[in-house]
Amino acid sequence: MWKKVVIYLLLWWDVFSLNKLFAVTMHLETLTSKFPYALIGDDFGVLSLDDLAINSCIAEPSAFTIKDSPGYPYWQCFDARKARIFCSGHKYSEDYNNFSTLLVIAAEKNGFRHEYYSRRAVDYDVCKEFVSDWENLTKNEKYVCLSGPYIEQEKDKNGIMVSYWIFDKFKTKKGCMPYFQYGCSLAYQLKSGACNSTSKK
Amino acid sequence: MRNNNAASENCHDKKDKEEVHPWRLCPAGEHWVCTHQMHVPPSKSFPEGHETIRHGHCARNPSGKDALYPDEIKEIDEQHFANVEPKPCPLELKFGKRGSQYDDLIAGWTKYWNDIFSPCESLDPNLVKALIASESHFDPNILANKKNPKSGRGLMQVLDSTRMILNNENGELKNHFVHVTRADLNNPSINICAGIRWLFQKQKLASSKLGHEANWEETIYEFKGLSTVPKERAEKLLKKFKDLHELYKKCGKK
């Protein structure tokens, strides 16, 4: 009798796991079939079709290449334990009547390092707010996804390949935080007409 | 007004120009106000006041110096920019239609401020276009930080602190003010006008810091606040801007 119960439980677990694997595979396939260029690697279930659609409104999608990627932001997802945010530099700026800094998010994946930078120096207090938002959104989360246009890649002094990006937004299953206001909102992009501008006819 | 398309031999011999740019609608020390409805206060004939039309006219600038206001910015743009040369490269560079939508405004305001300031090296409209691409990806309504309404706004990400300096006739600027509100900065023409004016001020500040006339790359470095961040990282951000500028300069040629 007990043997039968155990066998049924094991079978149920197998089916459950298969279903979960199937759902995850279908999710990724759905994303990549509708937006084939938007995501580099797996999203680990963090992203939605809207997230990928937003980036298609910012610039025309194109396959990622290290040679020519002027403005299209790509999504990449990382182990949250291997990603961190910090404010690089701390000098007084007359522009902000405050200290200014560079917002940096550094993440590692498959032996490569990636660094995302704010597109200009930001008010130091603003950077600290982003740090706080990061801590809230990544707490107890396994994965964090980063979006931004590519700059370049080169080996650092230790021989590790580092890719550099412009920071556009980050997202976990808890929520999304953009550099620009409404950067996580597809509704804003649609309302502003940006999506019509970049869509091919 | 001098033609400043090429570097001038006497560009260091600059004086603050008192003459009015030929595109301006009013004499020196005045600015254009367009036709608008106006409320007239109560009088014997109209005890409750009344509405009237105030026709377009020139109004005196408080300091007597040169100042641009939104009405005149829009008039200058509408009357003169369609045929201004040189235009920036029309490449959209994957930014869609917005990637070439503001080319006339970029050309016009670049020429205007080049005419006013006569720099040793004229500002290149392709540089302005690359700056806009890197700052805002051509979104005129964008605000840098949702939690801070004073952060960078519009095509050239003009800060509120910058806007206040451009408005302040008793402050850092000695002449050629640009009087705009925060909301005005979402207008592409006004934003580019104010942004380029600020770029020239940043060139002056960069030159003072460096001890020589700053070139435009050094000015962009200052404009983006990169002198306040670690140099290695700053160079990466500047590279992004430089790549865009190169693409526009080449304009599709190999």
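Rules of the game
- Residues numbered from 1 in each chain as written.
- Chains lettered and ligands numbered in written order.
- Predicted model: local features only at pLDDT ≥ 70, side-chain atom pairs only at ≥ 80, totals over all residues.
- Heavy atoms only, no water.
- Helix = DSSP H or I, 4+ residues; strand = E, 2+ residues; numbered from the N terminus.
- Rg over C-alpha atoms; globule rule 2.2 N^0.38 Å.
- Contact = heavy atoms within 4.5 Å.
- Buried area = accessible area lost by both parts, 1.4 Å probe.
- Salt bridge = Lys/Arg side-chain N within 4 Å of Asp/Glu carboxyl O.
- Polar contact = N/O pair within 3.5 Å; in protein donor to acceptor, adjacent residues only side chain to side chain.
- Disulfide = S-S within 2.5 Å.
- Buried < 20%, exposed > 50% of the residue type's maximum accessible area, 1.4 Å probe, protein only.
- Pairing = 2+ DSSP bridges.
- Patch = residues over 30% accessible without salt bridge, like charges linked within 9 Å, V, L, I, M, F, W, Y side chains within 5 Å.
- Areas by Shrake-Rupley, 256 points an atom, 1.4 Å probe, with all protein chains shown as cover.
- Phe/Tyr/Trp six-rings, centres within 6.5 Å; stacked < 30°, edge-to-face > 60°.
- Lys NZ or Arg CZ within 6 Å of the ring centre and 35° of its normal.
- Core = buried A, V, L, I, M, F, W, Y, C linked by side-chain atoms within 4.5 Å.

**Points about the overall build of chain B**
Step number 1: When you go through chain B residue by residue, the secondary structure sums to eight helices and six strands.
Step number 2: For chain B, the sequential pattern of α-helices and β-strands runs β-β-β-β-β-α-α-α-α-α-β-α-α-α.
Step number 3: The C-alpha atoms of chain B give 20 Å as radius of gyration, which agrees with the globular expectation for 254 residues (18 Å, within 12%).
Step number 4: The principal-axis extent of the C-alpha atoms belonging to chain B is close to 70 × 45 × 35 Å.
Step number 5: Counting contacts in chain B only where the partners sit at least 6 residues apart, residues at least 24 apart contribute 62% of the total.

**Comments concerning unusual backbone geometry**
Residue and element names in this part refer to chain B.
Step number 1: The omega angle of the peptide bond from Glu-85 to Pro-86 is 0°, so this bond is cis rather than trans.
Step number 2: Positive phi, normally seen in glycine, also occurs at Lys-94, with a value near 70°.
Step number 3: Among the secondary structure elements, Lys-94 is positioned in the loop between α1 (70-80) and α2 (98-101).
Step number 4: The phi torsion at His-176 lies on the positive side, around 60°, for a residue other than glycine.
Step number 5: Tracing the backbone through its elements, the reader meets His-176 in the loop between α5 (160-167) and β6 (177-178).

**Considerations on the interface of chain B and chain A**
Step number 1: Taken residue by residue, the interface counts 41 residues in chain B and 48 residues in chain A.
Step number 2: Among the residues chain B hides against chain A, the three largest losses belong to Lys-94, Arg-233 and Lys-236 of chain B. Together they make up 19% of the total.
Step number 3: Our enumeration of links across chain B and chain A arrives at six salt bridges.
Step number 4: Lys-239 of chain B serves as the salt-bridge partner of Glu-152 of chain A, at 3.8 Å between the closest nitrogen and oxygen.
Step number 5: At the junction of chain B and chain A, the tally comes to 16 residue pairs in polar contact (both at pLDDT 80 or more).
Step number 6: If you list the elements that add at least two residues to the side of chain B that touches chain A, you get α4 (125-136), α6 (188-210), α7 (216-223) and α8 (231-250) of chain B.
Step number 7: Per element, the largest residue contribution to the side of chain B that touches chain A is eight residues, and it comes from α8 of chain B.

**Let's talk about the state of the cysteines**
Step number 1: All told, the structure shown has six disulfides over all chains when counted by the stated rule.
Step number 2: Shown here is the disulfide that connects Cys-87 of chain A with Cys-127 of chain A, its sulfur atoms set 2.1 Å apart. Because the torsion about its S-S bond is -110°, the bridge between Cys-87 of chain A and Cys-127 of chain A counts as left-handed. Here Cys-87 of chain A is found in strand β3 (residues 83-93), whereas its partner Cys-127 of chain A is found in helix α3 (residues 124-138), with 40 residues between them in sequence. The pair formed by Cys-87 of chain A and Cys-127 of chain A is uniform in burial state, with each residue classed as buried.
Step number 3: When the bonded cysteines of chain A are counted from the start of the sequence, the pairing works out to 1-8, 2-5, 3-4, 6-7.
Step number 4: Left without a disulfide partner, Cys-34 of chain B is nearest to the cysteine sulfur of Cys-26 of chain B, which lies 12 Å away.

**Focus on the sheet that holds strand β11 (residues 175-178) of chain A**
All names here are of chain A.
Step number 1: Spatial ordering of the open sheet is given by β1-β2-β7-β10-β11, a layout of five strands whose pairing is mixed. Two strands bound the open sheet, and with one partner strand each, they are β1 (39-40) and β11.
Step number 2: Note that strand β2 (residues 74-79) and strand β7 (residues 143-148) share six bridges and pair antiparallel. Its bridge partner being in β7, Tyr-74 is matched across the sheet by Gly-148.

**Comments concerning the pairing of β7 of chain A**
Residues and elements named next belong to chain A.
Step number 1: Of all six residues in β7, five are buried; the element is thus mostly enclosed.
Step number 2: Here β7 pairs with strand β10 (residues 169-172) via three bridges, running antiparallel. From the neighbouring strand, Ser-147 faces β10, where its bridge partner is Lys-169.

**Considering the side chain of Asp-139 of chain B**
Step number 1: In this fold, Asp-139 of chain B is placed in the loop between α4 and α5.
Step number 2: What Asp-139 of chain B contacts, discounting residues up to four positions off in sequence, is Tyr-188 of chain A together with Arg-98, Gly-154 and Leu-155 of chain B.

**As for α5 of chain B**
All names here are of chain B.
Step number 1: Most of α5 sits inside the fold, with six of its eight residues counted as buried.
Step number 2: All of the buried residues along α5 are Asp-160, Ser-161, Thr-162, Arg-163, Leu-166 and Asn-167.
Step number 3: Looking at the buried positions of α5, the neighbouring elements they touch are β6 and α6.

**Topic: the pattern of salt bridges**
Step number 1: Applying the stated criterion to the full structure yields 24 salt bridges over all chains.
Step number 2: Lys-242 of chain B is the salt-bridge partner of Glu-217 of chain B, the closest N and O atoms lying 3.4 Å from each other. Placement of Glu-217 of chain B in helix α7 and of Lys-242 of chain B in helix α8 is noted, with a sequence separation of 25 residues between them.
Step number 3: Salt bridges here are not isolated pairs; linked through shared partners, they connect Glu-152 and Glu-154 of chain A together with Lys-236, Lys-239 and Asp-243 of chain B.

**A look at a nonpolar patch on the surface**
Step number 1: A contiguous nonpolar patch, built from Met-1, Trp-2, Val-5 and Leu-9 of chain A and spanning about 530 Å² of accessible area, is present on the exposed surface.
Step number 2: Looking at the element boundaries, Val-5 of chain A is found in helix α1 (residues 2-34).

**Let's talk about the packing of aromatic side chains**
Aromatic rings in a pair are described by how distant their centres are and how their planes are angled relative to each other.
Step number 1: Applying the stated rule across the entire model yields 23 aromatic pairs over all chains.
Step number 2: An aromatic cluster is defined as three or more aromatic residues linked by ring pairs; in this entry it consists of Trp-23, Phe-81, Trp-109, Tyr-112, Trp-113, Phe-117, Phe-200 and Trp-216 of chain B.
Step number 3: One Lys or Arg, Lys-109 of chain A, reaches over the ring of Phe-78 of chain A and ends 5.1 Å from the middle of that ring.

**Thoughts on the nonpolar core**
Step number 1: Counting 114 residues, the largest nonpolar core has Phe-170 of chain A together with Trp-109, Trp-113 and Ile-192 of chain B as its most contacted members.
Step number 2: Among the elements that make up this core, the one with the highest residue count is α6 of chain B (eight residues).
Step number 3: Apart from the residues within four sequence positions on either side, Trp-113 of chain B is in contact with Leu-68, Ser-118, His-176, Val-178, Cys-193, Ile-196, Arg-197 and Phe-200 of chain B.

**Structural notes on the pairing of strand β9 (residues 161-166) of chain A**
Within a regular beta strand, the side chains point alternately toward one face of the sheet and then the other, so they alternate between its two faces.
Residues and elements named next belong to chain A.
Step number 1: Across the six residues that make up β9, a large majority, five, are buried.
Step number 2: Summarising the sheet, strand β8 (residues 150-155) and β9 pair through five bridges and their orientation is antiparallel. What sits directly across from Glu-154, in β9, is Val-162.
Step number 3: Taking the residues that link successive antiparallel strands as the turn, the β8-β9 hairpin has five residues, and the phi of Gly-159 there is positive, at about 80°.

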